[in-house]
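Observations on the model geometry
Below are the chains, spelled out letter by letter.
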Amino acid sequence: MPIGVPKVPFLLPEDEDATWVDVYNVLYRKRVLFLGGEISADNANTIVAIIVYLSIEDKNLDQHIFLNSHGGSLPGGLAIYDIMQVVQPTIQTIAVGIVASMASVILLGGTTSRRIALANSRVMMHQPATGFFMAPVTNLLKEVRLMREVREIVVSIYAQRTTKPFGIIWADLERDLYMSAREAKDYGIVDFVGVTKTNPNPIRGLKLKTSSDKNFIKVNDSEISFSLLKDPDLSLLKDSKLN
């Protein structure tokens, strides 16, 4: 039987006794966000609201977004991507499981040098899709123009964040492009490939620490460590024209 969302005790500042709340709400308070399943207008609004609230509460604390999603709403995904670029806190993105379509844009949108794909995660990118098939010709032509504009926006994001030429990204989006964690790192979508190491200590909080050869998600007195690859080449973007 499904167990649903686990509940854990959480003590609110004004309460004397702990209240049982779902684990995601507790993690949000510790600046750990999860985006799983399909990206929709509803969960995009929720993620945006949490990022904004946490940024207002303390602009100096890092935020962490774990991604395991096949993608979904393009406007919803772009809303999350845009808010990640304008708030002050460092936002770390972590790929777990599958990160596909619009979710890969959000993964890409994390702070440079703070984007991680776990060892067995997969990343997929492709061009935007439309479901506007049965419509008057005039509306269909408008839809085609709009989708081309949206595709140019998405390609520009990939090109800027990966430093790959515009034309190469445009061509790669023609078909579903699946990548392993290492391939995503080589492509420039993430900065590091992380291999988790078993730690028996409980998880109580989250803070990112870095050193010359390791990256740590600090958990109070315990830690989850990642072995990391070197930083990608962040050379200047050189756009190429599409033939």
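Preceding block: the structure.
Every value quoted in this text rests on a predicted model; they were computed, and no experiment measured them.

Let us now look at the packing of aromatic side chains. Taken as a whole, this structure holds three aromatic pairs when the rule is applied. An angle of 15° between the planes, with centres 5.2 Å apart, marks the rings of F34 and F66 as stacked. Here the residue F34 occupies a position in strand β3 (residues 32-39), and F66 occupies one in strand β4 (residues 63-72), the gap between them amounting to 32 residues. Take F34: its relative accessible area is 32%, and that puts it in the partly exposed class. Given the relative accessible area of 15%, F66 is considered buried. Ring-pair connections join several aromatic residues into one group, and the members of that group are Y24, F34 and F66. When the ring centre of Y187 is taken as reference, the NZ or CZ atom of K164 above it lies at 4.8 Å.

The description of two helices packed together rests on the angle between their axes and the distance between the axes. Relative to each other, helix α2 (residues 41-57) and helix α3 (residues 74-86) sit at 10°, their axes nearing to 9 Å. As judged from the angle between their axes, α2 and α3 are roughly parallel. On α3, the residues that touch A44, I47, V48, I51 and V52 of α2 are G76, A79, I80, I83 and M84. Of the residues in the contact of α2 with α3, the class split is nine nonpolar, one polar and no charged.

The terminal C-alpha atoms of α3, which comprises 13 residues, lie 19 Å apart, in line with the 18 Å expected from a rise of 1.5 Å per residue. Its side-chain oxygen placed 3.0 Å from the backbone nitrogen of G76, S73 serves as the N-cap of α3.

This structure, assessed with the given rule, holds six salt bridges. Notably, a salt bridge pairs R29 with E57, separated by 3.0 Å at the nearest N-O pair. Within this pair, whereas R29 is found in helix α1 (residues 23-29), its partner E57 is found in helix α2, the two being separated by 28 residues in sequence. With relative accessibility at 36%, the residue R29 sits in the partly exposed group. Its salt-bridge partner being E174, residue R151 comes within 2.9 Å of it at the nearest N-O pair. Placement of the pair is R151 in helix α5 (residues 137-162) and E174 in the loop between α6 (166-172) and β8 (177-180), with a sequence separation of 23 residues.

This brings us to the nonpolar core. Grouped together as the largest cluster of nonpolar side chains are 47 residues, with contacts concentrated most on I51 and I189. In this structure I189 touches S104, L107, L108, R115, V123, M125, T162, M179 and A184, once residues within four positions along its chain are discounted. Core analysis: the second largest hydrophobic core is formed by six residues, F66, I94, I116 and L118 among them.

Rules used throughout
- Residues numbered from 1 in each chain as written.
- Predicted model: local features only at pLDDT ≥ 70, side-chain atom pairs only at ≥ 80, totals over all residues.
- Heavy atoms only, no water.
- Phe/Tyr/Trp six-rings, centres within 6.5 Å; stacked < 30°, edge-to-face > 60°.
- Helix = DSSP H or I, 4+ residues; strand = E, 2+ residues; numbered from the N terminus.
- Buried < 20%, exposed > 50% of the residue type's maximum accessible area, 1.4 Å probe, protein only.
- Lys NZ or Arg CZ within 6 Å of the ring centre and 35° of its normal.
- Axes fitted to C-alpha atoms, helices over the stretch in contact; angles between N-to-C directions.
- Parallel < 35°, antiparallel > 145°, perpendicular 65-115°, else oblique.
- Contact = heavy atoms within 4.5 Å.
- Nonpolar A, V, L, I, M, F, W, Y, C, P; charged D, E, K, R; others polar.
- Expected span 1.5 Å × (residues − 1).
- Polar contact = N/O pair within 3.5 Å; in protein donor to acceptor, adjacent residues only side chain to side chain.
- Salt bridge = Lys/Arg side-chain N within 4 Å of Asp/Glu carboxyl O.
- Core = buried A, V, L, I, M, F, W, Y, C linked by side-chain atoms within 4.5 Å.

Worth remembering: the numbers are spatial, not functional.
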